[in-house]
Amino acid sequence: MTTTKEILTLTAEIGDAMLRNGAEIYRVEDSLVRILKAYNIENFDIYVLSNGIFASANEGLDDSCSIIRHTPLGDVNLRKISALNQLTRDICCKHCDVKTAWKRLDECLNSPSPDKRLLCFFCGLGCSCFTYLFGGTILDSIMAFVAGIFLEIFLLYCAHQKLSRFTKNVFASIVAMTLSLLPLLFGLKISYDKIVIGVIMPLVPGITFTTSIRDYYNGDYLSGTIHLIDALLTALCIAAGVGIVISIYQSINGGVPVL
Amino acid sequence: MILELFIQFLIASIATLSFSVIFCAPRKEAIFCGITGGFGWIIYFILNNYVHYSIIVAALIATSGLAIISRSFAVIRMHPATIYILPGIFPLVPGAGIYYTAYYLITKQHTLFAQKGLETFEIASAIVFGIIFGFAIPQSLFAKLGQLFHHKTT
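It should be emphasised that the depicted structure is a prediction, and the values quoted were computed from it without experimental measurement.

Focus on the pairing of strand β1 (residues 44-49) of chain A
Residue and element names in this part refer to chain A. Relative to strand β2 (residues 52-57), β1 runs antiparallel, the two being bridged by 6 bridges. The residue of β2 that forms the bridge with leucine 49 is glycine 52. Hairpin remark: β1 followed by β2, antiparallel, with 2 residues in the connecting loop.

Considering the pattern of salt bridges
Note on pairing: side chains with opposite charge can pair once their charged atoms come close. All names here are of chain A. Counted by the stated rule, this structure contains 11 salt bridges over all chains. Across the pair arginine 27 and glutamate 24 runs a salt bridge, and its minimum N-O distance is 3.6 Å. Assessed through its relative accessible area of 4%, glutamate 24 is described here as buried. Glutamate 24 is the partner of arginine 214 in a salt bridge, and the nearest nitrogen-oxygen pair spans 2.9 Å. Here the residue arginine 214 occupies a position in helix α9 (residues 206-217), and glutamate 24 occupies one in the loop between α1 (4-20) and α2 (25-38), the gap between them amounting to 190 residues. Its relative accessible area of 8% is what places arginine 214 among the buried residues. Here the salt bridges do not stand alone but share partners, grouping Glu24, Arg27 and Arg214 into one network.

Re the UniProt feature "domain: Threonine/Serine exporter ThrE" (unreviewed entry) in chain B
In the numbering used here, UniProt assigns the "domain: Threonine/Serine exporter ThrE" (unreviewed entry) feature to residues 8-133 of chain B. Taken end to end, residues 8-133 of chain B comprises 80% helix and 0% strand; its first and last C-alpha atoms sit 25 Å apart.

What to know about the packing of aromatic side chains
Under the criterion given, the structure shown has 20 aromatic pairs over all chains. For the ring pair tryptophan 41 of chain B and tyrosine 44 of chain B, a centre distance of 5.4 Å and an interplane angle of 40 degrees mean the geometry is tilted. Here tryptophan 41 of chain B pairs with tyrosine 44 of chain B, and both are found in helix α2 (residues 30-49), just 3 residues apart, close to one helical turn. Judged by its relative accessible area of 3%, tryptophan 41 of chain B falls in the buried class. Cluster of aromatic residues (ring-pair linked, three or more members): Phe130 and Phe134 of chain A together with Phe19, Phe23, Trp41, Tyr44, Phe45, Tyr50 and Phe90 of chain B.

As for the layout of surface pockets
Residue and element names in this part refer to chain A. Taken as a whole, the largest pocket encloses approximately 1600 Å³ of empty space. Taken together, 46 residues line the largest pocket, and the ones lying closest to its centre are Gly74, Asp75, Val76, Ala159 and Lys168. For the lining of the largest pocket, the secondary-structure elements that each account for two or more residues are α1, α5 (116-133), α6 (138-161), α7 (165-185), α9 and α10 (221-252). The greatest single-element share of the lining of the largest pocket, amounting to 6 residues, is contributed by α6. A per-class count over the lining of the largest pocket returns 22 nonpolar, 15 polar and 9 charged. There are two domains that each give the lining of the largest pocket at least three residues, and those are domain 1 (4-109) and domain 2 (116-252).

Notes on unusual backbone geometry
For asparagine 40 of chain A, which is not glycine, the phi dihedral falls at a positive 60 degrees. Within the chain, lysine 108 of chain B stands out as a residue other than glycine whose phi angle is a positive 60 degrees. Turning to its location among the elements, lysine 108 of chain B is positioned in the loop between α5 (95-106) and α6 (110-136).

Details of the nonpolar core
Most often, soluble globular proteins have nonpolar side chains that are buried together. Counting 111 residues, the largest nonpolar core has Ile14, Ile91 and Met177 of chain A together with Tyr99 of chain B as the members making the most contacts within it. Considering every element that reaches this core, the biggest residue donor is α1 of chain A, with 8 residues. Residues lining this core come from more than one domain, with at least three contributed by each of domain 1 (4-109) and domain 2 (116-252) of chain A.

Here's the deal with the interface of chain A and chain B
Opposite the 53 residues of chain A that make contact, chain B presents 46 residues. Taking both partners together, chain A and chain B bury about 4500 Å²; carbon and sulfur atoms supply 78% of that area. When the buried surface of chain A facing chain B is broken down by residue, Leu78, Leu133 and Tyr217 of chain A rank first, second and third, together holding 15% of it. Scanning the region where chain A abuts chain B turns up 0 salt bridges. Seen at the junction of chain A and chain B, the total is 9 residue pairs in polar contact (both at pLDDT 80 or more). Put simply, the parts of the chain that give the side of chain A that touches chain B at least two residues each are α3 (78-92), α5, α8 (192-199), α9 and α10 of chain A. Here the side of chain A that touches chain B is built from residues that sort into 34 nonpolar, 11 polar and 8 charged.

What counts, and where the lines are drawn
Residues numbered from 1 in each chain as written. Chains lettered and ligands numbered in written order. Predicted model: local features only at pLDDT ≥ 70, side-chain atom pairs only at ≥ 80, totals over all residues. Heavy atoms only, no water. Pairing = 2+ DSSP bridges. Helix = DSSP H or I, 4+ residues; strand = E, 2+ residues; numbered from the N terminus. Salt bridge = Lys/Arg side-chain N within 4 Å of Asp/Glu carboxyl O. Buried < 20%, exposed > 50% of the residue type's maximum accessible area, 1.4 Å probe, protein only. UniProt positions renumbered as here; feature names shortened; annotations may be inferred. Phe/Tyr/Trp six-rings, centres within 6.5 Å; stacked < 30°, edge-to-face > 60°. 1 Å grid on protein atoms, 1.4 Å probe; cavity = no way out; pocket = protein on both sides within 12 Å on 5 of 7 lines; lining within 4 Å. Points joined across faces, edges and corners; volume = space filled by probe spheres on them. Nonpolar A, V, L, I, M, F, W, Y, C, P; charged D, E, K, R; others polar. Domains from an automatic or database assignment. Core = buried A, V, L, I, M, F, W, Y, C linked by side-chain atoms within 4.5 Å. Contact = heavy atoms within 4.5 Å. Buried area = accessible area lost by both parts, 1.4 Å probe. Polar contact = N/O pair within 3.5 Å; in protein donor to acceptor, adjacent residues only side chain to side chain.

Okay, structure coming up:
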């Protein structure tokens with residue numbers, strides 16, 4: 001017989017993992033409720049925010065317990081969201097007792113992160129494709145490919161150093177802008193604005209923005225606002241980074257507009 | 001025209017696929033993420049370049065199309081819709097708008113700055129409503145689609 005405490009801890013851990021990897025609030029709340037119901041806990045309450053989980057079960061009974069989790073905003077990992085969703089589904093179909101669930105959760109959390117070289121390559125590829133989509137030429141795309149690879153290397157380095165999101169975004173945007181201006185030094189005929197647009201794409205807060213909208217849509221206004229502010233600040237950081245480099249570049253060139 | 005559309009679709013798909021790899025999408029699903037993004041972009045591209053709708057209307061329709069496609073994939077492939085829509089939104093997100101807004105601000109072209117800033121804001125709002133419309137379609141319809149598909153395969 002598993003105790004309420006054990007089940008509640010498992011539930012909170014699953015919710016914690018889902019939140020960290022960027023699932024929207026409604027999905028987390030819904031999954032947690034389903035898991036608790038599947039394990040025959042009748043009397044419970046759950047409140048999920050974009051950076052915290054509050055859960056209590058069997059209040060007023062002997063085995064009452066409650067849990068609070070703090071989950072900072074993290075990077076998105078779609079594979080983990082998907083795996084956790086599958087785990088929740090299995091628990092709800094009663095295919096999975098508490099012990100197996102713990103094991104599968106551990107497996108999911110400790111799954112290896114993808115190869116760094118692969119990440120760099122795909123970041124470059126994505127950047128070059130976006131440059132082409134937004135009207136760049138083939139040469140621009142090739143430059144964006146190189147710049148994208150270096151940008152991802154920088155981002156990985158930032159993740160390694162555990163810099164704050166704010167610093168990371170400003171510096172990454174500075175790096176992106178500088179890398180896009182570099183080919184001009186060699187006298188290549190490029191439209192550098194198209195390259196920049198492609199290269200800042202990995203930084204653009206598309207994911208946070210979408211999550212924020214979906215939170216609002218489901219009525220989780222507080223979480224939606226947290227994500228929205230995150231998205232706006234990221235956009236502001238990108239703009240600041242780009243602005244810093246452009247103004248420096250202009251002053252070097254004697255105040256001539258670059259475009 | 002067909003060739004151009006195909007190239008645009010292909011490039012947008014590759015771009016979305018690459019971003020889905022960066023966000024660690026499950027390997028088997030990456031190709032579907034790519035297709036989702038490709039469709040979103042191609043709707044936007046056709047509406048903008050051939051039908052001559054304004055960018056805002058095009059972004060609105062493309063985003064709701066994107067949401068519908070990702071929800072269809074979600075029921076067909078039995079994964080959460082999130083993993084298709086998050087990479088797929090990238091071609092539509094106004095990254096260019098952010099850049100040009102910052103650029104015009106720094107180069108002191110204030111009229112263009114106001115214009116671009118407003119346009120970026122409008123596109124963002126269009127994306128908001130596009131997603132809301134896409135998700136407003138009841139889940140039961142998608143469940144039917146899923147049933148249809150899974151009967152065929154089994």
